Amino acid sequence: MATWLADHLRGEFEAVKGRGGPGDENALIDERRAWERELAAGGWTCIGWAEEHGGRGASLAQQVIFHEEYARARGPGRVGHIGETLLGPTLIAFGSQAQQRRFLPPIVAGEELWCQGYSEPNAGSDLANVQTRARLEGGEWVIDGQKVWTSWAEWSDWCFVLCRTDASARKHAGLSYLLVPMRQPGVSVRPIRQITGTSEFSETFFDGARTDAANIVGAPGDGWKVANGTLAFERGTSTLGQNLLFQTELAEILQAARRNGRARDPVIRQRLADAWIGLEIMRYNALRILSTAAGAELPPAALITKLYWATWHRRLGKLAMDVLGPESQIGDALPYALSGLQRLFLFTRADTIYAGSNQIQRNLIAERALGLPREPRPA
Ligand SMILES: Cc1cc2nc3c(=O)[nH]c(=O)nc-3n(C[C@H](O)[C@H](O)[C@H](O)COP(=O)(O)OP(=O)(O)OC[C@H]3O[C@@H](n4cnc5c(N)ncnc54)[C@H](O)[C@@H]3O)c2cc1C
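Sequence order sets the numbering: in each chain, residues are counted from 1 along the sequence as written. Given that this is a predicted model, residues contribute local features only at a pLDDT of at least 70 and side-chain atom pairs are listed and counted only at 80 or more, while totals for whole chains, interfaces and linings are drawn from all residues. Only hydrogens and water are set aside when side-chain values are computed; all heavy atoms of the structure are taken into account.

The subject of this paragraph is the packing of aromatic side chains. Centres within 6.5 Å are what make two rings of Phe, Tyr or Trp a pair, Trp counting through its six-membered ring; a difference in plane orientation under 30 degrees is then read as stacked, over 60 as edge-to-face, and the rest as tilted. As enumerated under the stated definition, the model contains 17 aromatic pairs in all. Residues Phe 246 and Trp 312 carry aromatic rings whose centres are separated by 5.2 Å and whose planes lie at 35° to one another, so their mutual orientation is tilted. Here Phe 246 is found in helix α7 (residues 243-260), whereas its partner Trp 312 is found in helix α9 (residues 304-324), with 66 residues between them in sequence. As far as the burial class goes, Phe 246 and Trp 312 line up, both buried. Among the aromatic side chains, those forming a connected cluster through ring pairs are Trp 4, Phe 13, Trp 35, Trp 44, Phe 66 and Tyr 70. Cation over ring: Arg 56 sits above Trp 44, and NZ or CZ is 3.9 Å from the ring centre. To sit over a ring, a charge needs its Lys NZ or Arg CZ within 6 Å of the ring centre and within 35 degrees of the ring normal. In this structure, Arg 193 packs its charged tip against the face of Tyr 336, placed 5.5 Å from the ring centre. The way it works is that DSSP assigns letters per residue, a run of H or I at least four long becomes a helix, a run of E at least two long becomes a strand, and they are numbered from the N terminus. We call a residue buried when its accessible area falls under 20% of the maximum for its residue type, exposed when it is over 50%, and partly exposed in between, using a 1.4 Å probe and counting protein chains only.

Below, the structure is given as structure tokens:
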């Protein structure tokens, strides 16, 4: 893997090295799409999927090694990550064979990009409150409603959309999980400018958007079960390999602290040491999870992963700014060019929100790992 990356991440791909991370998502999209296809040609996409689905059947430990080598080689932010880590595993678990045959190969080949249409203005943590509606008409689902915070909507070919197909059913029961093509007149995407100055996510409007009747994962009304399957992938295995990236960020902050003398400040020293300890805890925890995981099934202890890394990472962003001191307030250039550490600080504010906020993670730990009574639901 390391040799393959060294041989291929150069020449025309030299420019994408280290690009496309948080706050830099819009960078070099076409070049990174070409890189995704290059990775695919080498057999390095979807390596955790079974061979029958176009993967390599790599174990969780092998996937972590892959992510580490990829980060070490400064591989660019992956444009196909939502298809590879969220939709693909969901289709493998819940999709029909026809859906697997239609949708998995273009993900493996790096040819079709996906986005996740869950959140709406009134449905975030309370996801079952989704109001986007879909009805069957002439052999197609017709979809009306609005999604928000849709990462990668601007560049995606398809969206998996959680919508209400039975208005008379109880909240969780009337939902369905549809696969909807993005490039059609009924779909419009309005990018949202984020505090990083870039637009990684968008508002997505469905006005009579259409998709084939067969593009439903599970049966009508199964949407809640399937959507939670996707969320389990998002909060579980998809982030196990990010330790090396975190190490690189901490190393950059340490370097800045040595350069400007803040490394001698006793409080900053303690916080730097604390960050390093947190990183080691994450590493050991990942190893513990990997050694107790049965296949792709994660043990209940894995539920702490998202809460821990997100909180650690947000704190790291703040530490970076405190290390830089007054320098942190100055942009690289007008009007809004930011340094890597400034982008780190701004983007990490979102870590404790997406894929389930910290409060929601704590509820999950309480209910699913510790077996405490369920949070009271409004009547
Ligand atoms: C960078 C980024 C990318 C995203 N990408 C996508 C995407 O691609 N697709 C998509 O569908 N969504 C995406 N989201 C949306 C994300 O899933 C939601 O922001 C998240 O689920 C929280 O929902 P909300 O923003 O509506 O906040 P709310 O649900 O309104 O929460 C507001 C506050 O109330 C707290 N709260 C809510 N309910 C409870 C409770 N029961 N107990 C305790 N506290 C509670 C929350 O923790 C939070 O602090 C993204 C968000 C971000 C920041």
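With that settled, consider the site of the ligand. Residues are classed as near a molecule or strand on a simple rule: at least one heavy atom within 4 Å of it. Lining the immediate surroundings of the ligand are 18 residues, of which Ser 119, Ser 125, Trp 149, Ser 357 and Gln 359 lie closest. What qualifies as a polar contact is a pair of N or O atoms within 3.5 Å, subject to a donor-acceptor requirement within protein and to the restriction that residues adjacent in sequence count only when both atoms come from side chains. Between Gln 116 and the ligand, the recorded distance is 2.8 Å, taken from a backbone N or O atom to a nitrogen atom. Ser 119 has a polar backbone atom sitting 2.7 Å from an oxygen atom of the ligand. With residues, only the protein chains shown are counted as cover, and all accessible areas are computed by Shrake-Rupley using a 1.4 Å probe. Protein chains shield 67% of the accessible area of the ligand, which is 970 Å² for the free molecule. Elements with a contribution of two residues or more to the shell around the ligand: β3 (140-151) and α11 (358-369). Any residue that is not Ala, Val, Leu, Ile, Met, Phe, Trp, Tyr, Cys, Pro, Asp, Glu, Lys or Arg is counted as polar, Gly included; the first ten are nonpolar and the last four charged. Looking at side-chain class alone, the shell around the ligand contains 7 nonpolar, 9 polar and 2 charged residues.

Here Thr 90 lies in helix α4 (residues 81-94). The exposure class assigned to Thr 90 is buried, which follows from its relative accessible area of 0%. Any two residues having at least one pair of non-hydrogen atoms within 4.5 Å are treated as being in contact. Not counting residues up to four positions away in its chain, the partners in contact with Thr 90 are Gly 95, Tyr 177, Val 226, Thr 230 and Phe 233.

Moving on, we come to unusual backbone geometry. In this structure, the amide linkage connecting Leu 334 to the following residue, Pro 335, adopts the cis form with an omega of -5°. Mapped onto the fold, Pro 335 is located in the loop between α9 and α10 (340-348). Even without being a glycine, Trp 149 presents a positive backbone phi close to 60°. In this fold, Trp 149 is placed in strand β3. In this structure, Ala 355 takes a positive phi of about 60° despite not being glycine. Tracing the backbone through its elements, the reader meets Ala 355 in the loop between α10 and α11.

Before going further, it helps to spend a moment on the packing of α4 against helix α6 (residues 223-235). Simply put, an axis is a line fit to the C-alpha atoms, just over the touching stretch for a helix, and the angle between two N-to-C directions goes from 0 to 180 degrees. Their axes nearest at 9 Å, the elements α4 and α6 cross at an angle of 130°. Classified by the interaxial angle, the pair formed by α4 and α6 is oblique. Considering only the axes of α4 and α6, their crossing is right-handed. Residues Thr 85, Leu 86, Pro 89, Thr 90 and Phe 94 of α4 touch α6, and the partners they reach there are Lys 225, Val 226, Gly 229, Thr 230, Phe 233 and Glu 234. Throughout, the term roughly parallel applies to angles under 35 degrees, roughly antiparallel to angles over 145, roughly perpendicular to angles from 65 to 115, and oblique to all others. In this scheme the crossing of two helices becomes right-handed for a clockwise turn of the near helix relative to the far one and left-handed for an anticlockwise turn of less than a right angle.

Attention now moves to the nonpolar core. Among the nonpolar cores identified, the biggest contains 30 residues, and Leu 87, Trp 114, Tyr 118, Phe 160, Tyr 177 and Leu 179 are the most heavily contacted of them. For this core, the elements supplying multiple residues, two or more each, are α4, α5 (97-108), β4 (158-164), β5 (175-181) and α6. Look past the residues within four positions of Tyr 177 in its chain and what remains in contact with it is Leu 87, Thr 90, Tyr 118, Phe 160, Val 161, Asn 215, Ile 216, Val 217, Gly 223, Val 226, Ala 227 and Thr 230. Put simply, a nonpolar core is a bunch of buried Ala, Val, Leu, Ile, Met, Phe, Trp, Tyr and Cys residues held in one set by side-chain atoms that sit within 4.5 Å of each other. Ala 310, Trp 312, Met 321 and Val 323 belong to the second largest nonpolar core, which has 21 residues in total.

With that settled, consider the pattern of salt bridges. For this analysis, a salt bridge means a side-chain nitrogen from Lys or Arg found within 4 Å of a carboxyl oxygen belonging to Asp or Glu. Per the stated rule, a full pass over the model turns up 21 salt bridges. The partner of Arg 183 in a salt bridge is Asp 157, and the shortest N-O contact between them spans 3.2 Å. Taken together, the residues span a long stretch of sequence, with Arg 183 in the loop between β5 and β6 (187-191) and Asp 157 in the loop between β3 and β4 at a distance of 26 residues. Arg 183 gets classed as exposed once you look at its relative accessible area, which sits at 53%. In this structure, Arg 259 and Glu 327 form a salt bridge, with 3.9 Å as the shortest nitrogen-oxygen distance. In this pair, Arg 259 is assigned in helix α7 and Glu 327 in the loop between α9 and α10, connecting sequence segments 68 residues apart. Taking the relative accessible area as the measure of exposure, Glu 327 reaches 40% and is therefore partly exposed. Look at the salt bridges and you will find they share partners, linking Arg 135, Glu 137, Glu 140, Asp 144 and Arg 210 into a network.

In short, shape yes, function no, at least from these values alone.
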